[in-house]
Amino acid sequence: MAEAAQSVPVVSYARISADTARDGHGVEDQHRVNDETAARLGWTIVHRYTDNDLSAAKASVVRPSFEAMLKALKVGQLPDGQQVRGAIVVADDRLTRRAGDYERFVDALTYDEGRVYADAKGPKNLYSEDVESMGLFGVVISKMEVRKMQRRTRRSHRRRAEQGIPVGGKRPFGWKDDKLTLAPEEAALLAEAARDLIAGRSLHSIQLEWREKGVRTVHGKEWGSRSLKLALWNPRLCGWRKHNGELVRDANGVPVQGKWEPIITPKEWMAIDALFSSRVGPNAKADGTITDYRTPSHLLTGILRCGKPKADGQICNAPLRVSTRPDLSGGYIYQCPSKSMGGCGGTARNGAKVDEYITEAVLAKLEERAAATRKEDADWGGEEELNRLVTKRQKMLQAWQQDLVSDELFFPENHKLETRIKELRAERTRHALQRQRAAIVDGDIRARWNSEKFDMAQKRALIREAMHAVIVLPVGGGGRRAFNPDLLVPKWKEDF
Ligand SMILES: [Zn+2]
């Protein structure tokens with residue numbers, strides 16, 4: 001198309017950081033250089049993004065303009081609808097200093113065909129693997145320089161961590177002032193809370209119990225949900241330690257065991273870690289917050305969905321709500337909300353009977369699973385691959401350090417290996433969590449379910465773990481019919 005060549009709409013990005021400030025390359029200079037680049041290439045700058053980023057070395061720094069630019073590039077337009085087909089920066093390292101951000105930038109820009117990118121030296125084809133890895137390589141280098149300084153200050157902490165010696169600060173809850181011996185009462189509380197959490201109890205419910213018991217933090221304060229979560233998520237509980245967000249491991253990748261007494265087993269801690277850090281938990285979101293924070297007082301709220309067909313043939317699918325009906329046995333019904341509330345108002349069912357039927361179905365499924373898990377091989381299948389890749393990465397690193405492998409070969413390959421190793425570790429954690437949950441559900445799940453300690457949040461968590469939803473089909477004909485369980489269609493989760 002002829003008009004496309006006329007004027008390509010692009011954005012200009014500038015970032016002010018410690019070194020750009022020092023070199024006198026201010027934001028205006030960067031945008032001016034970008035103007036010249038655009039003029040040379042016949043592109044039109046339709047928006048300017050600027051980030052002030054004087055402490056870019058910290059991984060926690062968020063660049064609002066950078067993020068906004070990624071969004072615009074991905075959808076191909078600015079919030080006002082103006083088309084965007086590419087971006088111009090002075091140089092790759094003005095874009096970001098972190099390899100992860102650079103990859104996200106490339107992802108966003110190349111999201112569609114025909115996007116353009118240029119720096120002061122001219123256009124670059126980001127669709128080509130070569131340039132991408134070169135760019136990434138550039139970022140890796142500058143990132144390495146930033147990290148070099150940070151490493152220096154962290155080295156002593158790191159050394160102590162590797163030796164499993166506690167570092168600085170007040171004693172952690174659960175241990176005495178020496179940070180090594182257990183404070184028995186606190187340790188017992190933590191152990192119980194950890195196991196309850198793995199079994200599906202909500203953080204909120206544990207927090208309430210601790211408050212009721214008058215348990216205080218080491219600073220004498222009441223426990224909040226955040227402090228409790230951090231305490232339970234601390235790998236110290238099982239004798240491990242995190243440094244800069246990663247578990248401290250020895251050369252073989254095995255977590256270093258600290259010198260303090262542990263409270264729970266590594267497997268239990270990994271189950272908690274999986275709960276908080278990934279989506280595998282029934283009521284834990286990726287960021288570790290608990291979705292079931294305020295537990296509904298009925299078992300299947302949000303789980304039952306209306307199965308009545310609409311005019312277009314699709315089912316209504318609205319979540320059923322509880323409505324009290326003192327005249328009925330059980331005293332409440334689940335019903336589809338009215339049209340004005342987003343439903344069709346066409347389905348209703350006796351609440352107590354539905355609860356009873358679905359409970360029975362879930363318990364049967366849990367017992368079935370417990371029996372199957374007992375038979376199953378307890379080992380995780382990926383251990384061999386993980387060990388192989390860790391060894392391979394070790395060898396590559398050595399080869400690179402001895403200049404036997406070029407940078408161009410090493411960085412992309414190393415990145416691939418690290419990504420896969422990360423995946424495998426996550427998989428292993430998920431597996432551990434599943435085993436752990438199975439072990440807890442094993443034994444007499446029926447007795448547990450009916451015990452007083454097994455609260456609504458735990459029941460709901462288990463149900464959510466087992467099924468996506470239950471579709472409630474409409475009762476044909478008019479009048480009140482006998483309760484028909486065939487009209488309840490559980491949507492079980494496949495891997496359950
Ligand atoms: Zn409906």
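Residues numbered from 1 in each chain as written. Predicted model: local features only at pLDDT ≥ 70, side-chain atom pairs only at ≥ 80, totals over all residues. Heavy atoms only, no water.

Q: Describe the confidence of the model for the chain, and please don't skip the residues or the numbers.
A: Any region with low pLDDT has predicted coordinates that should not be read closely. When pLDDT is averaged across the chain, the result is 79; 77% of the residues are at 70 or more. By mean pLDDT, the top-scoring element of the chain is strand β3 (residues 86-88) (95), and the lowest-scoring one is helix α1 (residues 2-6) (43). In this model, residues 1-5 is a region of pLDDT below 50 whose contacts with residues beyond four sequence positions or in other chains number 2 contacts. Across residues 278-294, confidence stays below pLDDT 50; counting only partners more than four residues off in sequence or on other chains, it has 41 contacts. (pLDDT = per-residue confidence, 0-100. Helix = DSSP H or I, 4+ residues; strand = E, 2+ residues; numbered from the N terminus. Contact = heavy atoms within 4.5 Å.)

Q: Residue-level account of the sheet that holds strand β11 (residues 348-350), with values.
A: With antiparallel pairing, the 3 strands of this open sheet are ordered in space as β9-β10-β11. If you trace the sheet from one side to the other, it starts and ends with β9 (321-324) and β11, each paired once. Mean inter-strand twist for the sheet, computed between neighbouring axes without regard to direction, equals 30°. Here β9 runs beside strand β10 (residues 332-335); their pairing, made up of 4 bridges, is antiparallel. Across the sheet, residue T324 finds its bridge partner in β10, namely Y332. (Pairing = 2+ DSSP bridges. Axes fitted to C-alpha atoms, helices over the stretch in contact; angles between N-to-C directions.)

Q: Provide a residue-level description of the packing of helix α9 (residues 203-213) against helix α10 (residues 225-233), including the pertinent values.
A: Two numbers describe how α9 lies on α10: the axes approach to 10 Å, and their chain directions differ by 105°. The pairing of α9 with α10 is recorded here as roughly perpendicular in orientation. Mapping the contact onto sequence places L203, I206, Q207 and W210 in α9 and S225, L228, K229 and L232 in α10. Partitioned by chemical class, the residues of the contact of α9 with α10 number 5 nonpolar, 2 polar and 1 charged. (Parallel < 35°, antiparallel > 145°, perpendicular 65-115°, else oblique. Nonpolar A, V, L, I, M, F, W, Y, C, P; charged D, E, K, R; others polar.)

Q: Report on the coordination of the zinc ion, specifying residues and quantitative values.
A: Looking at the zinc ion, one finds its protein donor set to be C306 (SG), C316 (SG), C336 (SG) and C344 (SG), positioned 2.2 to 2.4 Å from the metal centre. The motif formed by the donor residues of the zinc ion, counted along the single chain, is C-x9-C-x19-C-x7-C. Of this pair, C316 sits in the loop between β8 (304-306) and β9 while C344 sits in the loop between β10 and β11; the two residues are 28 residues apart in sequence, bridging distant segments of the chain. With a relative accessible area of 13%, C316 lands in the buried category. Here C344 falls in the partly exposed class, since its relative accessible area comes to 24%. (Donors = N, O, S within 2.8 Å, 3.2 Å for Na, K, Ca; no water. Buried < 20%, exposed > 50% of the residue type's maximum accessible area, 1.4 Å probe, protein only.)

Q: So, the side chain of S12: which residues are in play, and what are the values?
A: Structurally, S12 can be placed in strand β1 (residues 8-16). For S12, a relative accessible area of 0% corresponds to the buried category. A polar side-chain atom of S12 sits 2.6 Å from a polar atom in the side chain of H31. Polar contacts involving the side chain of S12 include one to the side chain of N34, which spans 2.9 Å. (Polar contact = N/O pair within 3.5 Å; in protein donor to acceptor, adjacent residues only side chain to side chain.)

Q: Please give an account of the environment of V218 that cites residues and values.
A: Structurally, V218 is set in the loop between α9 and α10. For the pair V218 and F173, spaced 45 residues apart in sequence, the C-alpha to C-alpha distance is 5.9 Å. Once you skip the residues sitting within four places of it in the chain, V218 turns out to touch K170, R171, P172 and F173.

Q: With reference to specific residues and values, describe the pairing of β1.
A: A regular strand places its side chains so that they alternate between the two faces of the sheet. Here β1 lies mainly inside the structure; 9 of its 9 residues are buried. Here β1 shows two buried faces, one formed by V8, V10, S12, A14 and I16 and the other by P9, V11, Y13 and R15. Two strands pair when backbone bridges link them, and β1 and strand β2 (residues 43-52) are joined in this way by 9 bridges, in the parallel orientation. In the strand pairing of β2, R15 is matched with D51. Pairing between β1 and β3: 2 bridges, direction parallel. When the sheet's bridge partners are listed, V11 is paired in β3 with A87.

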